[in-house]
Structures are given as C-alpha cells and as structure tokens.
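Working through the structure, step by step
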Number of protein chains: 2
Amino acid sequence: MITENIMKKLSISNEKKILLIVMDGVGDIEIDDVDTISTPLAVANKPNIDKLSRKSALGEGIPVDIGITPGSGPAHLSLFGYDPLKYDIGRGVLEAAGIGLKIKKGNIAIRGNFATIDDNGIIVDRRAGRISTEKNKELIDYLRGKIKNIEDINVEFYAGKEHRCVILLRGEGLYDNVNDTDPQKEGEKILRAKTNDSKSAKTAEICNKLSDEIISVLKSFHPTNALLMRGISNPPDLPSMNELFNLKSVCIATYPMYKGLAQIVGMDVINDLFTITEQIEMLKENYDKYDFFYFHIKKTDSYGEDGNYGGKIQVIEEFDKYFMEITDMNFDLIVITGDHSTPWRMKGHSFHTTPIMFYSKYFLRFRDNLEFNENSCQKGSIGTIYSKDLMQLMLAHTLKLLKYGA
Amino acid sequence: MITENIMKKLSISNEKKILLIVMDGVGDIEIDDVDTISTPLAVANKPNIDKLSRKSALGEGIPVDIGITPGSGPAHLSLFGYDPLKYDIGRGVLEAAGIGLKIKKGNIAIRGNFATIDDNGIIVDRRAGRISTEKNKELIDYLRGKIKNIEDINVEFYAGKEHRCVILLRGEGLYDNVNDTDPQKEGEKILRAKTNDSKSAKTAEICNKLSDEIISVLKSFHPTNALLMRGISNPPDLPSMNELFNLKSVCIATYPMYKGLAQIVGMDVINDLFTITEQIEMLKENYDKYDFFYFHIKKTDSYGEDGNYGGKIQVIEEFDKYFMEITDMNFDLIVITGDHSTPWRMKGHSFHTTPIMFYSKYFLRFRDNLEFNENSCQKGSIGTIYSKDLMQLMLAHTLKLLKYGA
C-alpha cells in the first residue's frame, strides 16, 4: 500500500462508478476434524452472481494480517483502503458507531456498563444483574436529567442493550490515553482513570468526576448504582475517503455499526433501511450522486455466528435473486467480498482470508471464468492480497489513479 | 526486501553471470469491455524463448505497488533492486537522463520549456508556439554563449525536442526542495522559485536569477523570450549497485533514458548502440568484464503506446530470432521481464503486473515447463512478488548472498 501522501497526489475524480458489496463474514471453511461439507458460498444456488463471477477476476483478501482474526472495525477499515494496524478504532467509538452516533474529532466515546457496588465501593456485580434494556433506558433518561456537564465538558448518555450504554464527552482538550475504570473483576473498587500523558490528564479528571457523580446520582437505584467505563477513546484521526481517494462515497447498510464505521471514514450514510429491496432502491436512487457505493449485507455473518449453515446459504441465495437488478445498473466495477470470514462451525469471526470477486468492465488482464467460492478464489488471477490494497485495485481499474513518477 | 545495510553485509562477488533482459512494457491484457484477444506475448511465435521458458520458473512482478501505474524511473529502480517509493527520481533528472546527460550527486537538473511572455511578464504561450527542434538548438547555443554561470554556480544548457530543454546546475550547496517556476497555465507571471527549507534557499535564488537573466538575454527573440523551469531536482542519493550488491554491472541499451537510469545506479553504460545485433555483439564483447548485464529492448513499449498489437508481436518475434545467440553465451541466470506493462489497448503504461521468466542453471526448486506469457506467469512457481525483490532472487540463485544470521 502506498503512503497517504502519495495517494492524495495520485487519486483523481472521474465519472466511473464503483460498487463494493460486503457480505459480512461470508467466507467459510470446508472441514472440521470429523467431516467435510462444502462452504455455504460453494453450495448456494446463485446463478446471477456466478454469471458475473465468470467474467470477473477472483482472489483472496487478508483482512488485517496472516492468521489474525479481525473485529468489524479493522476489517472494514481495510476494505475502505486504510491500514487497520495504523488506525485504531477504540471500543468506545465502535460502541457509539454501533448505535449510530456521530462522533467528531476531539470527542471522547466511552462504553459504559451499569454495575452494582456495595457500601464500601466494592464491585459486587459488573453487570448489575443484566438489567433489561427498558430499565437501562429509564436510568439513562434519569442520568440525562441530572448530569449535563462536568466542568466545561458536555456529557451525553445513550442507552444500549441490557446493561450497556455509551457516554459521549464533547469539549476542548480531550485526549484518550486513559485506562478503563472497569477492573474487569468483581470484589475490587472501581479504578481511577489515570494517564502518564499530560495531554490526556483532563480526560482522566473528567472521567473520575463523572464516575463519582453517577454514583452519587444513582445512590437510591440499588442494584444499579454505578457505571464502569471501558474503551475511553477519540475517533481515529484519519483522512476522509474524499481527501484520500477523491471519492464521493455513500453507505447503504441496514445495521447501525456499519453506518457508524462508514461515517468515520467520511461516507454519506443513508438511514432507515431495513431490507435488501430498500437497499437496492437506494442504490438506484443515488446512482448519479456518488462514485463509490458501500453495500453491506449483515445476515451472512449473523448466521455464521449462530452456527447456522442453512441460514448462511439462504442469505446468499436470497441476495442472488436481487443481483440482476444490481448488474443492470451498469456499474463500472463491482466487487463482492467479506470483511472477514465467519465460519459457521466456529460461530465467530475467524482469521481466514476472504473470497474476492472482482468485476471490472475495463482493463482486467484475464476473466477467470470460475464461479464465486472460496476454492475458485484461491486459484484466482488476483492472487492473495491484503484487503487494504483492494482499494488501489478498484481505483486503478476505474482510472482514478495517475501515474507514479515519470 | 531486506534493508540496504543488511544487503551490503550479505552480498558477495563471485564469477557467476546474471543477464536481466527488460522488454519494456511487454505485459499486456487479454480483454477489454467488448472482446478477448490473447496478449502479444501469448500469440508471438517465439520458439527459442519458450524453449528456455520451459526450463524456467515463472512469476509476476508488482512494479511499484498493487494498482499503481509506474513511470519508467520507478519501474526501473525496482528491477535494479531499489525501493521505488524510497528513491524519487525528479522530472528534471529523468529529462536529463533522457538525453544522456551525466548528473552527479549534488548537481541540479531542471526541465525547461521555452515560452512567450508579454511586456508585463505575463505568460502568453507556455510552449512558445512549439518551436522546432532546430530553432531550439540555435537558442540553446546562443544561451550557452551568454550565460555560463550564476554567482559560483556553473550553468549548462542542453536542447531537447521542440520547446523542451534541460539545464544543469553544478556547484556547491545545491538542494532541490524548490517549486517549479512554471505556473502550469497561461495568463500568469512566471513563478519565483521558493523554499521553506533553508538548505534549498541557494538553489531558489540561483533559479530566480537565472530565470531573469534568460529573459534579459532573450529580449529580442520574441516569441521565444522566456524559459519555464520544472522538476528542479538532485539525482536520488542512492548507493551504487556495486556498493549495495557487489555487482559489476553494465547497461546495454539503445535509448538515452534507460542509459541515464542505469548511470544513476552506477552501471557502466555502453554508448552508440542502435540495433539488437549491436546489443548482442556488446554482450559477447563484455561478457568477461561484468557480472550483471542489463539488456533493454524499447520497442515493445513503443508499439504498446501506439496501440499497435501487430507491432508488439513482431518485436517479440524478432528478438526471439537472436535469442539462441544469447543462450549460447552460457549465462548462469537469465531473466526476461518488463519494467511495467504497456497494454496496446490502453496506449500507455498500466498498473498490471509484469510477467517474469526466471531461468537459473542452479537451484531452481521447479521448472514450470510452461511457455512465457502472462497466463502461465500468473500460474508460475515464483508467484507474485514485488519487482524490487527480484534482485534478491537473482543474487540468491547465483550464490551471491551469504547466509543471514547463524
């Protein structure tokens, strides 16, 4: 991957249109220690995708590094053309993105856990008995009424699921080199936020005062009488896709976290989408307005996490039914890939490569003439690349990069 | 790629002989958006090259980075074993190399454009009506007579084609962190050379005085009454191939730019070569004197740039007729590759990988037993490597590298 400075010099804008379809966690594995069943991608009946696949070049992507299982944050940064080992998306920021919050440069996002402490301040339950999401919302409303700022810093509370919430700090001079206040075990006191970095001292002070204030406000709410803070973080200070790649980009996704991630790299985000039909409708409606479209399909990952082999196949087959509508739109370049693999037998993200189907109207050296699955991708003419380099390939094949050097 | 310090420690000299044949821009693509035609390399009848190819290992090279289209400068640096993203060959230096000038460390080379300015110093024609090369030579002769130095700096003028020329500055304390004086558009004044870097202040001052002096000397030569400066640059400060790889190397090329590039990395250069026959003659004549031979064939690129499919095939077939003479010379290692691809349908350099044919008498793990073309190279046992790493493979297979570590 070239440096960002060189990329800024080489990238140019033109009218060619790129569609990046991320089937979340789509890659899978064939075998475990007892049997061999082909992967969902190989088994699914997907004539429309395979038709385009035969005209495509195939390959494999390494999401972060060889053997490394990525979270959704780094896996997506990679696909968006950023080095996931350079830019760190903190847990607080990811949690905030996950509930669709906009976090600006210099803000701090914190993942909060409601917890129970005893009279001596000792944590007796790190999840306050896993309170209900409704109860959570009530408590957040109450906190909002009581705490609006600590010193000159604005404090905002947002409910998550069960015992989880997000706190945003907005104001001047907030840096994130600060430890969690959650000691990660019961029987201990809430930690004080500390730092060795003088720039982050203010954040530590605000977090400690906020922690004390919450305990004082929630005094009568036993067992939910404290809040543990984790992943106290600024959003990564990265150049937008527009600055870096000269791309006007848009996110067409249904789940908040992916919209949040897209927003972090400066994409426009279309809200209130719930079905593939609606997503495709928005693709059509916005076709003229953008030159990079990020289209996210969540359920391949969800079924993978559930260990649901049939479910994963079904999502692929269902998407295939709509795929002709997409190819009819006449994109100059269409890529289908995953952000990472989520093998159904592993019930979670894995370290495997992601299959890449790379269709370009122009300048492909070969069309591999193969169907789209892990096996054919492993033989594809793109070979195995780091996912972060995929953006360079997409820009190159749509003539969005100038020549390097004379 | 290992660091230069490690390379200097590991590289040793021995009697084994390496021949690197660069068929400029030889790589091509099979398809565009409407049809599929095999590549010139696949179609050309080249029995002698293919005979050696069957005993070779094949692979692909990434000239600079995935998806990046390289100029000739970075593409060649890579093949010579230098990191093309570390060493920048400025436009002035490349232009100077292009007309065969020797530029030493600490010199400054400038690409000049003769231009027309009005009485108020406004540029009215950035190319002075594209004057003839003959007229250019006259003007350069005149300037040579009038301007020999600015302060303690020696100034040399060299004619290029049409409105283009090269200026060399020789003397002490010349650094190149200086902007162009060419504003790149008409209707504006010639820019002053400026810098934020105190080391480069002298260069800026000399360039500005030179620019004024030229205008004063050319006063009566309307419409050719000014000179715009671009790519004010020092040659890259790189270790020679001898220092780095312990190689005695020689360039056997017909075109000035490639001789210039070879000279920058410290190769000896054989001049006055015009045909392949003459190049082969020189290869024979110098066989005993060197251990690394860079043999450059230009026309594959020229025909690619012209969009001439048949022409590109013909150059490959013609070279093949002489190829037996080369294999008869008994080199220990022969590589055929391109510096970059120049697909005939794209009429220019492209971002595609370059095919690599790697013949070694010793220590190849496999002989791929395939003919030499993009398709077989894509399947070859070398795989896809960065072109800058090819040198390490060449040195390894001729036992010119010591073991790393104990």
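1. Details of the relation of the copies chain B and chain A
Once chain B is rotated about the relating axis by 124° and shifted along it by 0.2 Å, it coincides with chain A to within an RMSD of 0.2 Å. Both copies of the chain, as the preceding transformation shows, are related through a three-fold rotation axis.

2. Points about the nonpolar core
Core analysis: the biggest nonpolar cluster contains 123 residues, and L20, F293, Y294 and V335 of chain A have the highest contact counts within it. In this view, Y294 of chain A contacts L20, V22, S249, C251, I252, A262 and M267 of chain A; residues no more than four positions away in its chain are not counted. One finds I232, F295, F358 and C377 of chain B within the second-largest nonpolar core, a separate group that totals 108 residues.

3. Section: the pairing of strand β1 (residues 18-23) of chain A
Residues and elements named next belong to chain A. β1 sits mainly inside the fold: six of its six residues count as buried. Neither face of β1 is open: one carries I18, L20 and V22, the other L19, I21 and M23, and all of them are buried. Pairing analysis gives six bridges linking β1 to strand β11 (residues 292-297), with the strands arranged parallel. Bridge pairing in β11 places V22 opposite H296. Where β1 and strand β12 (residues 333-337) come together, five bridges link them in parallel fashion. Across the sheet, the residue bridging to I18 is L333, located in β12.

4. Some thoughts on the pairing of strand β6 (residues 153-159) of chain B
Residue and element names in this part refer to chain B. Of the two faces of β6, the one holding I153, V155, F157 and A159 is buried and the one holding N154, E156 and Y158 is not buried anywhere. Pairing of strand β5 (residues 149-150) with β6 involves two bridges; the strand directions are antiparallel. The partner of I150 across the bridge, within β6, is I153. Between the antiparallel neighbours β5 and β6 lie two residues, among them E151 with a positive phi of about 50°. The pairing of β6 with strand β7 (residues 164-170) spans six bridges and is classified as antiparallel. In the strand pairing of β7, Y158 is matched with V166. Connecting β6 to the next strand, β7, in antiparallel fashion are four residues, including E162 with a positive phi near 50°.

5. A word on the interface of chain B and chain A
If you look at the interface, chain B gives 28 residues, while chain A gives 22 residues. Taken together, the elements giving at least two residues each to the side of chain B that touches chain A come down to α4 (72-79), α5 (91-98) and α13 (374-379) of chain B. Looking at the side of chain B that touches chain A element by element, the count peaks at three residues for α13 of chain B.

6. Focus on the packing of helix α10 (residues 276-286) of chain B against helix α12 (residues 309-327) of chain B
All names here are of chain B. Packing of α10 against α12 brings their axes to within 11 Å, and their N-to-C directions diverge by 10°. One way to sum up the angle between α10 and α12 is to call them roughly parallel. Crossing hand, α10 versus α12: right-handed. Only F319, Y322, E325 and I326 of α12 make contact with α10, whose side of the interface consists of I276, I280 and L283. Considered class by class, the residues forming the contact of α10 with α12 number six nonpolar, no polar and one charged.

7. As for the sheet that holds strand β9 (residues 249-252) of chain A
Residue and element names in this part refer to chain A. Strand order across the open sheet formed by eight strands is β10-β9-β11-β1-β12-β13-β2-β14, with mixed pairing between neighbours. Because the sheet does not close on itself, it has two edges, and the strands there are β10 (268-269) and β14 (383-386). Where helix α14 (residues 390-397) meets the sheet, it contacts β1, β2 (57-62), β12, β13 (354-360) and β14, and its direction lies at approximately 160° from that of β12.

8. Here's the deal with the sheet that holds strand β14 (residues 383-386) of chain B
Residue and element names in this part refer to chain B. If you walk across this open sheet you meet the eight strands as β10-β9-β11-β1-β12-β13-β2-β14, and the pairing is mixed. Two strands bound the open sheet, and with one partner strand each, they are β10 (268-269) and β14. Judged from the four bridges that link them, strand β9 (residues 249-252) and strand β11 (residues 292-297) form a sheet pairing that is parallel. Residue pairing across strands places S249 opposite F292, the latter belonging to β11.

9. Regarding the environment of N225 of chain B
Relative to the helices and strands, N225 of chain B resides in the loop between α7 (201-217) and β8 (226-233). C-alpha of N225 of chain B to C-alpha of K289 of chain B: the two residues are 64 residues apart in sequence and 49 Å apart in space.

10. So, the domain arrangement of chain A
How big an interface is tends to be expressed through the accessible area that disappears when the partners come together. All names here are of chain A. With domains assigned, chain A is organised as domain 1 (4-89 + 238-397) and domain 2 (94-233). A separation of 35 Å is found between the C-alpha centroids of domain 1 and domain 2. Between domain 1 and domain 2, the residue contacts involve nine residues of the former and eight residues of the latter. Looking at the side of domain 1 that touches domain 2, the element that brings in the most residues is helix α9 (residues 256-264), giving seven residues. Counted by class, the side of domain 1 that touches domain 2 contains five nonpolar, three polar and one charged residues.

Thresholds, definitions, all that
In every chain, residue numbers begin from 1 and rise along the written sequence. Numbering of ligands from 1 and lettering of chains from A proceed in the order in which they are written. Predicted model: local features are reported for residues with pLDDT of at least 70 only, side-chain atom pairs are reported and counted for 80 or more only, and whole-chain, interface and lining totals are derived from all residues. Copy-to-copy superposition: least squares on the C-alpha atoms, limited to residues that have pLDDT of at least 70 in both copies. For this analysis, nonpolar core means a set of buried Ala, Val, Leu, Ile, Met, Phe, Trp, Tyr and Cys residues linked through C-beta atoms within 7 Å. To sort residues by exposure, count the other C-beta atoms lying within 10 Å of each residue's C-beta; 20 or more gives buried, 12 or fewer gives exposed, and values between give partly exposed, all with C-beta atoms placed from the backbone. We call two residues in contact when their backbone-placed C-beta atoms lie within 7 Å. A run of H or I in DSSP counts as a helix once it spans at least four residues, and a run of E counts as a strand once it spans at least two, with each numbered from the N terminus. Strands were regarded as paired on the criterion that DSSP finds at least two bridges between them. Lines are fitted to the C-alpha atoms to define the axes, a helix being fitted only along its stretch in contact, and any angle between axes, read from their N-to-C directions, falls within 0 to 180 degrees. An angle below 35 degrees is read as roughly parallel, one above 145 as roughly antiparallel, one from 65 to 115 as roughly perpendicular, and any other as oblique. If you view the pair so one helix is near and one far, a crossing is left-handed when the near helix is turned anticlockwise from the far one by less than a right angle, and right-handed when it is turned clockwise. Classes in brief: Ala, Val, Leu, Ile, Met, Phe, Trp, Tyr, Cys and Pro nonpolar; Asp, Glu, Lys and Arg charged; the others, Gly included, polar. Boundaries between domains were set according to an automatic or database domain assignment.

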